[in-house]
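# Results of the structural survey
Listed below are the residues making up each chain.
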Amino acid sequence: MIWKLSLTGIKSRFKDYLVLFSGLIVASMIFYMFLTLAINPAFLKNNAGILENNLLTYIFGFGIVLLLIITVVYLVYANTFLLSMRKHDYGMFLTLGAKSSRIGLLIFCETIITGMLAAALGIILGFGLTAIVGHLLISRLGLVIAHFQVLLPSAILGTLVFFAIVFLLGALRNVYKLTHTKVIDLLHEDQEPVKFKQRPVLHSLEAVLGIVLLAAGYWIMQKHGLDPFNVIPVALVTIVAGSYFVLNSLFTAIISSLIKRHSFSYHGLRMFTLGQLKFRLHDYTKILTVISLLFALALGAITVGLNFNSEKEMAKSSIYYDATIISKSSDVQKELAKVSIKSKQTYHYIETKRDLYFNQAEFKNQPIKAVESRGQGDNLTWTEKTLPTSQLDRAKTETNNEFGNLLPNGIAKKIHLVSAARLAKVKGQQKFISLIRVNDFDKDFPVLLKIEQLQNKETPAFNTVYTSSKPYSYQGILGIISGFEFMGFFLGLAFLTMLASTLMFKVLSSAASDKLRYQMLFKIGTRWQVLKQSVAEEIGTLFLIPGVLGIIDVLFGLQLFRTILLRPYTGIWLPFTIFIVLYFFYYVLTVHLYEKIVLAKN
């Protein structure tokens, strides 16, 4: 009977549960994807030889921890929303003689069914998401993985266990709250007025303290010389406290000031809207603080994730030659025929036990080139330079070291530039080296990497050249970028879904009690269009305030990434545009659902 009542309750409020489901499904879907990528045995086995210390595992592991924290916060609000939707029904059941223990079991079942159903659907959708993201990530890394597991039993089990534990704790919390609430409160809690006391002195102090704390948090995030592990906790505390005080006092004071300006407030329904907002902001202070932080985390994750892509250009620009060729084997020559060569410089030399002898004449028409960095911070640029031939064989000079890094045994042995006549008299192994540049490095990168790997297997001394080559370095950067790019984007998406849903839950939870006020306004002659405008302005303000605070947090917070991102603000318009569009979609959806409740014509 209890299970039947639980299923009937969910079915009767399916539209309300749909909003809740969407956030839970996205959370479980992304959680499963992160877990699968972090512990996939085939992916790790192929990845281990390229990325040192399984960096991608750490990246996605870090993403799992962040997602875990935000999911717990989200589920707390989601469970509160679930309980608020059913409080009146539970009160009615108790009034009709049902035992509180049976009602407690009823809400326990509803919470568990809702959570596990969403987790199961999220995991199923996660299979498809993991397949797409895994394919994109593997393609970006240039890996060949035959048995990448999309359906990973350990990831399925881990996701189910995590959500089961969280929903079990949530269900127990709901049962405790229900069984310790009086029946009269269950029936009429949504009709209790919000208590708001005018304390101008205290609120003024709060406003000043809030601004000071926010300014302190933003200031400390710009101090590049400080340890990020010390900056983050301090900034987190000051910004959280500052946001809370500002929301609780400053915005309320602004609205009070607008109410007193009769030329402004006596226009249309502004007085009613401002009054609603004044009490809303006081009642919503905690949740708006959380929303502003989630907004900053979500937008920051997407911005930083997409910004890592710009680091690819730095990796390509910091090394002049695209590849080094030292082998004439058929395998290398076969691969070399696949690339479009832009320039090729070949030098012949003789290697002895301790020395490398080059024909100096070969450097006359094809001098060795390199790149050097200029500027600082955002103004850092890479410029081409020609190494002076006269210093190539001058030991312990910068030029000699740069040239030696291009040669197998170039650092271990002494380099000599001699005439052709003298070179003919030197006895040793005759070798050559070709330095090539291609027309399109992005296109030819996988082939160039394969050429370098083939030569590394043929000649052990080539290893130092291989590990400092452009394809190898680019491969490493690509792995880091791809990991952060995907993690940032999907974490941001999950954060956005949960923060917008949380705010939506909070607004819709109070819709039933607001309905009476809107109905009274309509009965005294207010037009529907004016009422709809009031709803749009009121909810728009509730969405706008944490959004603005979140954007300011992100603009200052990006300073923390200057140590790992060359240009953290490059292309910032793109993630901001994507995020604002998605956030606006949730605002429109919330307004639509709220209007359906408070402006119902019956």
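Here the structure is shown first, and the text comes after it.
The following refers to the structure shown.

What follows deals with the side chain of Q345. Mapped onto the fold, Q345 is located in strand 2 (residues 341-351). Among the polar contacts listed, one links the side chain of Q345 to the backbone oxygen of P367, at a separation of 3.2 Å. Those residues within four positions of Q345 in sequence are excluded, and the remaining contacts are Y321, Q366, P367, I368, I433, S434 and L435.

Before going further, it helps to spend a moment on the sheet that holds strand 6 (residues 414-418). Pairing within the open sheet is mixed, and its 5 strands lie in the order 1-7-2-3-6. In this open sheet, the two edge strands, each paired with only one partner strand, are strand 1 (323-325) and strand 6. Averaged over all neighbouring strand pairs, the angle between strand axes comes to 30°, with direction disregarded. Of the pairings in the sheet, the one linking strand 2 to strand 7 (residues 429-438) comprises 10 bridges and is antiparallel in character. Of the residues in strand 7, the one forming a bridge with T346 is S434. Each of strand 1 and strand 7 is contacted by helix 17 (residues 441-458), which is oriented at about 40° to strand 1, the strand it contacts most.

With that out of the way, let us pick up the environment of W382. For W382, the location among the structural elements is in strand 5 (residues 381-386). Accessibility expressed as a relative area gives 31% for W382, which makes it partly exposed. Sequence separation of W382 and A370 is 12 residues, and the distance between their C-alpha atoms is 9.9 Å. With near-sequence residues (within four places) excluded, W382 lies in contact with M314, S317, S318, V371, E372 and S373.

Viewed as axis vectors pointing N to C, helix 21 (residues 528-557) and helix 22 (residues 573-598) meet at an angle of 150°, and their least axial separation amounts to 10 Å. Overall, the two elements helix 21 and helix 22 adopt an arrangement that is roughly antiparallel. Seen along the crossing, helix 21 lies across helix 22 with a hand that is right-handed. Facing K532, V535, A536, E538, I539, G540, F543, P546, G547, I551, V554 and L555 of helix 21, the residues of helix 22 in contact are F576, Y583, Y586, Y587, T590, V591, Y594, E595 and V598. When grouped by side-chain class, the residues that make up the contact of helix 21 with helix 22 number 15 nonpolar, 3 polar and 3 charged.

Taken as a whole and judged by the stated rule, the model has 11 salt bridges. Close ionic contact of K470 with D322 constitutes a salt bridge, the shortest N to O distance being 2.7 Å. Highlighted residues: K470 in helix 19 (residues 470-509) and D322 in the loop between helix 13 (311-317) and strand 1, separated in sequence by 148 residues. For the residue pair K470 and D322, the accessibility class agrees, reading buried in each case. Each member of the salt-bridge network shares a partner with another, and the members are E335, K338 and K450.

This paragraph deals with the packing of aromatic side chains. When we look at a pair of aromatic rings, we describe it by the centre distance and by the angle of the planes. Per the stated rule, a full pass over the model turns up 25 aromatic pairs. Between F295 and F579, the aromatic rings sit 4.7 Å apart at their centres with planes inclined by 80°, giving edge-to-face as the arrangement. Placement of F295 in helix 12 (residues 285-307) and of F579 in helix 22 is noted, with a sequence separation of 284 residues between them. We note that F295, like F579, is buried. Both rings, one in F441 and one in Y474, keep their centres 5.1 Å apart while their planes meet at 80°; by these two values the pair is edge-to-face. In this pair, F441 sits in helix 17 while Y474 sits in helix 19, placing the two residues 33 residues apart along the sequence. Taken as a pair, F441 and Y474 share a single burial class, namely buried. Grouping aromatic residues by their ring pairs yields a cluster made of F295, F543, F579, Y583, F584 and Y587. Taking NZ or CZ as reference, K328 lies 5.4 Å from the ring centre of F432, over its face. The ring of F441 carries the charged tip of K470 above its face, separated from the ring centre by 5.2 Å.

In this model, helix 12 (23 residues) spans 32 Å end to end at C-alpha, consistent with the 33 Å of a helix rising 1.5 Å per residue. The buried fraction of helix 12 amounts to 18 of the 23 residues, a majority that puts the element mostly inside the structure.

A few words now on the environment of L417. Tracing the backbone shows L417 in strand 6. In the structure, L417 is positioned 25 residues away from L392 in sequence and 7.8 Å away in space, judged by C-alpha atoms. Leaving out residues up to four positions away in the same chain, L417 has contacts with F358, Q360, F363, T389, L392 and D393.

Consecutive side chains of a regular strand alternate in pointing toward one face of the sheet and then the other. Alignment of strand 2 against strand 3 (residues 355-359), held across 3 bridges, turns out to be antiparallel. For Y349, the partnering residue across the bridge sits in strand 3 and is F358. Two successive antiparallel strands, strand 2 and strand 3, enclose a turn made up of 3 residues.

Moving on, we get to the nonpolar core. In a soluble, globular protein the nonpolar side chains are often hidden away together inside. I30, F34, L499 and Y594 are the most contacted members of the largest nonpolar core, which has 106 residues in total. For this core, the element with the highest residue contribution is helix 19, accounting for 16 residues. Once you skip the residues sitting within four places of it in the chain, Y594 turns out to touch Q276, R280, V507, L508, A511, D514, Y518, V535, E538, I539 and L599.

The rules we used
Residues numbered from 1 in each chain as written. Predicted model: local features only at pLDDT ≥ 70, side-chain atom pairs only at ≥ 80, totals over all residues. Heavy atoms only, no water. Helix = DSSP H or I, 4+ residues; strand = E, 2+ residues; numbered from the N terminus. Polar contact = N/O pair within 3.5 Å; in protein donor to acceptor, adjacent residues only side chain to side chain. Contact = heavy atoms within 4.5 Å. Pairing = 2+ DSSP bridges. Axes fitted to C-alpha atoms, helices over the stretch in contact; angles between N-to-C directions. Buried < 20%, exposed > 50% of the residue type's maximum accessible area, 1.4 Å probe, protein only. Parallel < 35°, antiparallel > 145°, perpendicular 65-115°, else oblique. Left-handed = near helix turned anticlockwise from the far one by under 90°. Nonpolar A, V, L, I, M, F, W, Y, C, P; charged D, E, K, R; others polar. Salt bridge = Lys/Arg side-chain N within 4 Å of Asp/Glu carboxyl O. Phe/Tyr/Trp six-rings, centres within 6.5 Å; stacked < 30°, edge-to-face > 60°. Lys NZ or Arg CZ within 6 Å of the ring centre and 35° of its normal. Expected span 1.5 Å × (residues − 1). Core = buried A, V, L, I, M, F, W, Y, C linked by side-chain atoms within 4.5 Å.

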